[in-house]
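Understanding the architecture of this molecule
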Amino acid sequence: MAGYVNARLEKETPIFNKQRIDFAPPEKINSLVVSSNQLCMSLGKDTLLRIDLGKPDEPNQVELGRKDEAKVYKMFLDHTGSHLLIALNTSECLYLNRSVQKVRALSRWKGHLIESVGWNKFLGSETNTGPILVGTAQGQIYEAEISVSEGSLFGTNPDQYFRQVYTLEEESGPAPVCCLEIERGIEGKFFIIATTRKRLFQFVGKVPEGTEQQGFSSLFAMHADHLPSFREFPASFGFSEIAFYTPKLRSNPRSFAWMMGNGVLYGTLDYSRPDSILSDERVWVYPSDIDITVNKPISIVLTQFHFLLLLPDRVKAVCILNGQVVFQDLFLEKFGLLTRMIKDPTVQQIWIHTEKVVFRYHVQRESRDVWKMYMNMNKFDLAKEYCKDRPECLDIVLAKEAEHCFQNKRYLDSAKCYALTQNYFEEIALKFIEAKQEEALMEFLIKKLSNLKPSEKTQATLLTTWLTELYLNWLGILEGDPSQRNLYLDTREKFRTFLSSPKNKDCLFNNRASIYELLASHGDTEHMVYFAVIMQDYERVVAHHCQHDEYDEALNVLSRHRDEKLFYKFSPVLIQHIPKKVVDAWISMGSRLDARNLIPALVNYSQSASTQQINEAIRYMEFCVYQLEETQQAIHNYLLSLYALCRPDSLLSYLEQAGTNPNRIHYDLKYALRLCAEHGHHHACVHIYKVMELYEEAVDLALQVDVDLAKSCADLPEDDEELRKKLWLKIARHVVQEEKDVKKAMACLSSCALLKIEDVLPFFPDFVTIDHFKEAICNSLEDYNKHIEELKREMEEATQSAKRIREDIQEMRNKYGSVEPQEKCAACDFPLLNRPFYLFLCGHMFHYDCLLQAVFPNLPAYKQAKLEDLQKKLAATSQPSKSHHRPKDTDTISLGKGQQSREQIKADIDDIVAAECVYCGELMIRSIDKPFIDPQKYEEEMQSWL
């Protein structure tokens, strides 16, 4: 359970990485400003160099065009890099737009030495500055606006107006306006920060919506009668400078740093405050190596976590979190004294220059060690925020936070943090055990469990088992204390949440046997059932309900989860107590249940239950038979047994509905016959006999019940008149001998046409008078007379038919056909009379051998064999005469005893070969699908064509 993080020490590049710009100025650098990747540099007396840092190889040089001794005092570049103000030491000001090459003088500004400019970041554009603020060396604050357009570039002055709005003073009177900054807060509120050598003023007020373009006069007018809020420090070294840090482009600054005589005042900006946006203010006092009389600071730049001070020969970086100097860069004397430091807020690059050299600092991963400082300040949330991408550092912060919480007895918070660390699991667990903080230990285990990987199954098993034991112990303690009822309910809910957590499901399922044992050892049947439901171990849940006589609950579980196997298992128990509800549940399951598996439960139940309860079993069996249309023999047999036992009225209707076709009957006929016989249901037995086609048995049994039933059975064998007669004789005998009813016996004669009076007479006793049979005897005699007449008529018809046949035979013997000498064989087309031939009634004539050749392949195999045998016998006799049609006496040769004559052999051959014309008979019809080429000779035939 212990983890290990390799907290390797990286050899990283410095946060502030200095780079010397490969640039040798032709003249000394007076001033340098940079914004939005646009760098402007004043060289010598009259030259201005503009460089787009995106295209550093394309510098642009502009001449100021001054003939007097004026020098550049300061330069100011707006946030877009489009508007450049050049303040001269002669109290004049020039303007240069990025899109033009000519410098314009601002006539309205003349007579004022410009110290600072507050740019309007909200309304300014590339061609118009919007209302801006200008601070002078005499302490006045002016509002101005500069606009340039292509059409009026040479016609009008770019400065639209220049009016005074305020004057800053110190104790001794007006003081130079060192810095100006305009910021907009929420709800239309504006904040203007202005600094002098020792004071930092804040002007706060709302500018009416829609009047922003009219400037800030109204805001300054609010403070005409009283001073705005300000911060003042006693020391001064002649000027001050304020720097801001803006995290994102076009957003408000988030922090500030004001360099003044006593040190650096720094803090954050809170725009929600009503009167002052400065918050969390702290003062960094200059250390002993900074003497404001000898090497006073020149410039200040603020980054996210540091402010940089520019001294004449070095740069110091101070961390704003702890006030420690974390970086110091000493410049060589050959570069000259450092003149100015400025930051491009859009790309977060810092520029420093002397009169001869330009340097640039890149800020790289400034926040790399911030986490450690926040951690030491016990600001753990911020520390974690700045090392979330560095696991080794995050682990250190979490361990420190956990230890801090533990020392302050915030055990639950400590447990949550410890669970996220890689510290040894055993040490942390023992720590909470020794402090007797079971709740915190449980929290630690829960968090640790949630952070495990799916592959860490052993650890998950250990944690889930341990947590279950802790929960059960805690619940056991709380349950016995009525005052802790709410805590008990809350803990129980947490335990159930733990058991039902999807993340723990697999682990709990694989170790459910151990969990069941723990629950059983604590006697917690409530949670045992709850856990079984979660694990979908419904068998255990149903068994629990059955053991506690909660049969309705057990059935509800079965009905809710619809598990067929559980129904089969628990139905024998449930049906003993709630039969109707169980049958309803079976019916709701429909075809999902196999009724054969429920028959044992019904059998056990029906053997010990009353008739009313057996009706429930019948109800389910009828549902299976009539609704589900079950065809299983066991189901039908069991329904028959229930009908035979309790509902004899339904038995016969069921049998009749099943039909009389044995192939479509689903019950066992023999079993049904035995069952009905045992219970004395004779009508049912008769029906089964009829289905089994045991008509004699059916009639015999029917005669014991009802003669009419027997009569209906006697007529069933329609195809067997002998059997029908026999059955009707049985009925007649019964009527005569058993019932002694002569009229009924005579009715039997009229009901069955097969019975005659002579068939019935032997059954009557000798003393019966003939009056009862007179009509029957007369009818019988009339029938005999009719039969004799029919026989006579048939004999006469047969005699006439025989006479006609003899005449036809005689006529056929005398029939002949004539053949012309020029006639040819229909097969070979040679003269017919050259060889023995056949003449057919259809007119076709064939040579004997031609006809034999055409007929033989199409004969069945047995006829082919017979024909070959006859030909051999014919060849074995003496040679035939030349004439094929010769008198019979000349062609007959006496053969040995038992052998055929030659004439007989030829007649047999004729019967086979000349039975029909080969072109007009059935042979031609049968050969219609015969291929023209024999398949066996197809390849040979095909090759012959190639």
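See above for the structure.
Residues numbered from 1 in each chain as written. Predicted model: local features only at pLDDT ≥ 70, side-chain atom pairs only at ≥ 80, totals over all residues. Heavy atoms only, no water.

**Quick look at the packing of aromatic side chains**
Which entries qualify depends on this criterion: Classification of ring pairs uses Phe, Tyr and Trp, with its six-membered ring standing for Trp, and accepts pairs whose centres are within 6.5 Å; under 30 degrees between planes counts as stacked, over 60 as edge-to-face, and the remaining range as tilted. Each helix is a run of H or I in the DSSP string that is no shorter than four residues. Each strand is a run of E no shorter than two, and both are numbered from the N terminus. For every residue, the accessible area obtained with a 1.4 Å probe (protein chains only) is divided by the maximum for its type, and the residue is called buried under 20%, exposed over 50%, and partly exposed between those limits.
All chains considered together, the criterion is met by 30 aromatic pairs. Their ring planes at 65° and their centres at 5.8 Å tell us that F190 and F216 sit as a pair that is edge-to-face. Placement of F190 in strand β17 (residues 189-195) and of F216 in the loop between β18 (199-206) and α1 (217-221) is noted, with a sequence separation of 26 residues between them. Accessibility assignment for this pair places F190 and F216 in one class, buried.

**Section: the pairing of strand β24 (residues 299-302)**
Test applied: A pair of strands is labelled paired if DSSP reports no fewer than 2 bridges between them.
Taking every second residue as pointing to the same face, both faces of β24 are buried, with S299 and V301 on one and I300 and L302 on the other. In the sheet, β24 pairs with strand β25 (residues 306-310) via four bridges, with the strands oriented antiparallel. Bridge assignment links I300 to a residue of β25, and that residue is L309. The turn joining β24 and β25, which pair antiparallel and follow one another in sequence, is formed by three residues.

**So, unusual backbone geometry**
Even without being a glycine, Q348 presents a positive backbone phi close to 55°. Residue position: Q348 is located in the loop between β28 (340-344) and β29 (349-353). For Q348, a relative accessible area of 24% puts it in the partly exposed group. The backbone of E629 sits at a positive phi, close to 55°, despite the residue not being glycine.

**A short note on the packing of helix α30 (residues 861-876) against helix α32 (residues 902-913)**
Convention followed: For helices, the fitted axis covers only the stretch in contact; all axes are lines through C-alpha atoms, and the angles between them, taken along N-to-C directions, range from 0 to 180 degrees. Convention used here: angles under 35 degrees read as roughly parallel, angles over 145 as roughly antiparallel, angles from 65 to 115 as roughly perpendicular, and any remaining angle as oblique. Handedness of a crossing is defined here by the sense of rotation of the near helix relative to the far one, left-handed for an anticlockwise turn of less than a right angle and right-handed for a clockwise turn. Note on definitions: a residue-residue contact is assigned when non-hydrogen atoms from the two residues lie within 4.5 Å. Under the convention adopted here, Pro, Cys and the residues Ala, Val, Leu, Ile, Met, Phe, Trp and Tyr are nonpolar, Asp, Glu, Lys and Arg are charged, and Gly plus all remaining residues are polar.
Across the interface, α30 lies against α32 with an axial gap of 10 Å and an inter-helix angle of 150°. Taken together, the axes of α30 and α32 are roughly antiparallel relative to one another. The element α30 and its partner α32 pack so that their crossing is left-handed. Contacts from K866, L867, L870, Q871, K873 and L874 of α30 reach α32 at R902, I905, K906, D908, I909, I912 and V913. In the contact of α30 with α32, the residues fall into seven nonpolar, one polar and five charged.

**Re the nonpolar core**
The nonpolar side chains of a soluble globular protein tend to be buried with one another. The cut-off we apply is this: By convention a nonpolar core is built from buried Ala, Val, Leu, Ile, Met, Phe, Trp, Tyr and Cys residues, the set being connected through side-chain atoms within 4.5 Å.
F432, F444, L574, W586, Y620 and M621 are the most contacted members of the largest nonpolar core, which totals 109 residues. Those residues in contact with F444, other than ones at most four positions away along the chain, are A415, Y418, A419, F425, I428, A429 and F432. In terms of nonpolar packing, the next biggest core, distinct from the first, is built from 29 residues, L32, L39, M41 and V103 among them.

**Some remarks on a nonpolar patch on the surface**
Inclusion rule: Patch building starts from residues that exceed 30% relative accessible area and form no salt bridge, then joins like charges within 9 Å and nonpolar side chains (Val, Leu, Ile, Met, Phe, Trp, Tyr) within 5 Å. Computed by Shrake-Rupley with a 1.4 Å probe, the accessible areas treat only the displayed protein chains as cover when residues are assessed. We count a salt bridge whenever a side-chain nitrogen from Lys or Arg sits within 4 Å of a carboxyl oxygen from Asp or Glu.
A cluster of nonpolar side chains, F932, I933, Y938 and M942, forms an exposed patch at the surface whose accessible area comes to about 470 Å². Given the relative accessible area of 44%, Y938 is considered partly exposed.

**Brief notes about the sheet that holds strand β12 (residues 140-146)**
Taken together, four strands build an open sheet; the order of strands is β10-β11-β12-β13 and the sheet is antiparallel. Each having just a single partner strand, β10 (114-118) and β13 (159-167) make up the two edges of the open sheet. Going from strand to strand, the sheet's axes swing by 25° on average, the running direction of each strand aside. Relative to β13, β12 is paired through seven bridges, and the arrangement is antiparallel. Note on β13: the bridge partner recorded for I141 is Y166.

**Notes on the pairing of strand β7 (residues 83-88)**
Every regular strand shows the same layout, with side chains that alternate between the two sheet faces. In terms of burial, β7 is a largely internal element, six of the six residues being buried. Burial of β7 is two-sided: the residues H83, L85 and A87 facing one way and the residues L84, I86 and L88 facing the other way are all buried. Where strand β6 (residues 72-77) and β7 come together, five bridges link them in antiparallel fashion. When the bridges of β7 are listed, M75 appears paired with I86. Relative to strand β8 (residues 93-97), β7 is paired through five bridges, and the arrangement is antiparallel. Each bridged residue has a counterpart across the sheet, and for L85 the counterpart in β8 is Y95. Connecting β7 to the antiparallel partner β8 that follows it, the hairpin turn spans four residues, and S91 within it adopts a positive phi of roughly 60°.

**A look at the sheet that holds strand β16 (residues 179-184)**
Whether parallel or antiparallel, the strands of a sheet pair through hydrogen bonds between backbone atoms. The strand order across the open sheet built from four strands is β16-β17-β18-β19, with neighbouring strands paired in antiparallel fashion. At either margin of the open sheet sits one strand with a lone partner, and together these are β16 and β19 (229-232). The mean inter-strand angle of the sheet, taken between neighbouring strand axes irrespective of direction, is 15°.

**Focus: the environment of L669**
In this structure, L669 sits in helix α21 (residues 669-678). Assessed through its relative accessible area of 16%, L669 is described here as buried. Aside from chain neighbours lying at most four places away, what touches L669 is P662, I688, V691 and M692.

**What to know about the pattern of salt bridges**
In the structure shown here, the tally under the stated rule is 28 salt bridges. Note that E143 and R163 form a salt bridge whose closest N and O atoms lie 2.8 Å from each other. In this pair, E143 sits in strand β12 while R163 sits in strand β13, placing the two residues 20 residues apart along the sequence. Residue R835 pairs with D849 through a salt bridge whose shortest N-O separation is 3.4 Å. Here R835, found in the loop between α28 (774-813) and β31 (837-839), pairs with D849, found in helix α29 (residues 848-855); they are 14 residues apart in sequence, far enough to count as distant. A relative accessible area of 32% places R835 in the partly exposed class. Because the salt bridges share partners, they merge into one network encompassing K580, D584, E616 and R619.

**Some thoughts on the environment of N378**
Looking at the element boundaries, N378 is found in the loop between α2 (370-376) and α3 (380-385). Taking the C-alpha atoms as reference points, N378 and E401, separated by 23 residues in sequence, lie 7.5 Å from one another.

**A closer look at the packing of helix α6 (residues 425-434) against helix α7 (residues 438-450)**
Running from N to C, α6 and α7 cross one another at 155°; their axes reach a closest spacing of 9 Å. By the angle between their directions, the pair α6 and α7 is classed as roughly antiparallel. Every residue of α7 that contacts α6 at F425, I428, A429, F432 and I433 is listed here: A440, L441, F444, L445 and K448. Tallied by class, the residues present in the contact of α6 with α7 amount to nine nonpolar, no polar and one charged.

**Remarks on α6**
Formally: Arc definition: it is the arc formed by the directions from the helix axis to the C-beta atoms.
Residues of α6 that are buried: F425, I428, A429 and F432. Viewed along the axis of α6, the buried residues span an arc of 100°, placing them on a single side of the element. Exposed and facing more than 90 degrees away from the buried side of α6 are E427 and E434. Lining the buried residues of α6 we find α4 (391-407), α5 (411-420), α7 and α8 (457-479). Looking one or two places after α6, you find K436, whose phi comes out positive at around 55°.

**Describing a positive patch on the surface**
Our working definition: Positive charges come from Lys and Arg, negative ones from Asp and Glu, while His and the chain ends are left out of the count. Charge positions come from single atoms, namely NZ of Lys, CZ of Arg, CG of Asp or CD of Glu.
Together, K28, K45, K67 and K71 line one region of the surface with positive charge. Relative to the helices and strands, K71 resides in the loop between β5 (60-63) and β6. You can call K71 exposed: its relative accessible area is 51%.

Shape descriptors only; they carry no functional weight alone.
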